[in-house]
Amino acid sequence: MRKNMVAGNWKMNTTLPEGLALAKGLNEALKDKTPNCDVVIGVPFTHLVSIVAAIDTRKIGVAAENAADQEAGAFTGEVSAKMIASTGATYVILGHSERRMHYHETPAILKTKVELALASQLTPIFCIGEVLAEREKEKHFEVVDAQIEKSLFGLSAADFRKIVLAYEPVWAIGTGKTATAAQAQEMHAHIRQTVATKYGEEIAENTSILYGGSCNAGNAKELFANPDVDGGLIGGASLGVEKFLPIVEAF
């Protein structure tokens, strides 16, 4: 069966001391609990080694927020999937709308990143989603299908099984707007059917699909109650234990 997951995405926030304090605080809060979902924190590259060493990684998975589209070489400032794996991190967030928008990451670039991540035994949390103009033109299904097909449908069935998908209605990130539970379920069900068309019902039913649009303690339970919403990719609400923990506990 597919796993439920709550994954934090800290983005470009926290200094190393602040990030360590946050990770340790979450670790302490979960110490005597058995969550009904996998818990992951996506942290800046500078934090990976220290946070992996400071927490119980059997209880909290650690993700990088990006990875290079090259294996190694003269690419100053880039961080490869192999480097990330060497820190003890086991996940990587790829294709986030901010990376697509601000850094012009194309489906071809993301396809390479996914392949390199899998080659380094990292689990990609692969983000997909439409902007407001695309939804208003009722192209949201078309846009999301293209993002999946162009970057992921070259994978073998065995490799696709290792992917976690995260649907981001981009118009609901950092805007205070949230897709309704019904809108989230509609899109997640559509995504699952798109996967089924390529890889079959069994793989589709076992693919975790997270919701990534302004999910918080107030709406998590309603969102997660949907049969095709398997958790959340959490932005701002992951930057405080008191905000993040209730989302984990919504399962």
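Remember, predicted model here, so these are calculated numbers, not experimental data.

Caption draft 1: Region of interest: the overall build of the chain. Within the chain one finds twelve helices and eight strands. Over its C-alpha atoms the chain spans a radius of gyration of 17 Å, differing by no more than 12% from the 18 Å that the globule rule assigns to 251 residues. Dimensions along the principal axes, computed over C-alpha positions, put the chain at roughly 45 × 45 × 35 Å. Intrachain contacts of the chain at a sequence separation of at least 6 include 72% that bridge at least 24 residues. Summing over all exposed atoms, the chain offers an accessible surface of approximately 11,400 Å²; the carbon and sulfur share of this is 53%.

Caption draft 2: Structural context of the side chain of R100. In this structure, R100 sits in helix α4 (residues 97–102). Although R100 lies buried, it forms no salt bridge, and the closest oppositely charged side chain, E168, sits 5.8 Å away as judged by the N-O distance. Aside from chain neighbours lying at most four places away, what touches R100 is G95, E105, L110, F126, C127, I128 and Q147.

Caption draft 3: Layout of helix α5 (residues 107–119). End to end, α5 covers 18 Å across 13 residues, agreeing with the expected 18 Å (1.5 Å per residue, within 8%). L110, K113, V114, L116, A117 and L118 are the residues of α5 that are buried. Tucked into the core, α5 has its buried residues touching α3 (81–86), β4 (91–94), α4, β5 (123–128), α7 (140–152) and α8 (157–160). Of the residues trailing α5, Q121 is marked for its positive phi of about 60°.

Caption draft 4: Geometry of the pairing of strand β1 (residues 5–9). Buried residues dominate β1, accounting for five of its five residues. With burial as the criterion, each face of β1 is covered, one bearing M5, A7 and N9 and the other bearing V6 and G8. As judged from the five bridges shared by β1 and strand β2 (residues 38–43), these two strands associate in the parallel manner. Its bridge partner lying in β2, G8 is registered against I41. Following the chain from β1 across helix α1 (residues 16–30) to the adjacent parallel β2, one finds a crossover that is right-handed. Strand direction decides the pairing type here: β1 and strand β8 (residues 231–234), joined by four bridges, are parallel. In the sheet register, M5 faces β8, and the bridge partner there is G231.

Caption draft 5: Examining the pattern of salt bridges more closely. For the structure on display, the rule yields 15 salt bridges. One salt bridge connects D38 with K3, and the closest N-O pair in it is separated by 3.9 Å. Here the residue D38 occupies a position in strand β2, and K3 occupies one in the segment before β1, the gap between them amounting to 35 residues. D38 sits in the partly exposed class, given a relative accessible area of 24%. Given the relative accessible area of 53%, K3 is considered exposed. Between R135 and E130 there is a salt bridge; the shortest N-O distance is 2.7 Å. Summarising the burial analysis for this pair, R135 and E130 share the class buried. Look at the salt bridges and you will find they share partners, linking R2, R192, E205, D228 and D230 into a network.

Quick notes on the rules
Residues numbered from 1 in each chain as written. Predicted model: local features only at pLDDT ≥ 70, side-chain atom pairs only at ≥ 80, totals over all residues. Heavy atoms only, no water. Helix = DSSP H or I, 4+ residues; strand = E, 2+ residues; numbered from the N terminus. Rg over C-alpha atoms; globule rule 2.2 N^0.38 Å. Contact = heavy atoms within 4.5 Å. Areas by Shrake-Rupley, 256 points an atom, 1.4 Å probe, with all protein chains shown as cover. Buried < 20%, exposed > 50% of the residue type's maximum accessible area, 1.4 Å probe, protein only. Lys, Arg positive; Asp, Glu negative; His and termini not counted. Salt bridge = Lys/Arg side-chain N within 4 Å of Asp/Glu carboxyl O. Expected span 1.5 Å × (residues − 1). Pairing = 2+ DSSP bridges. Right-handed = clockwise from strand over helix to strand, strands pointing away.

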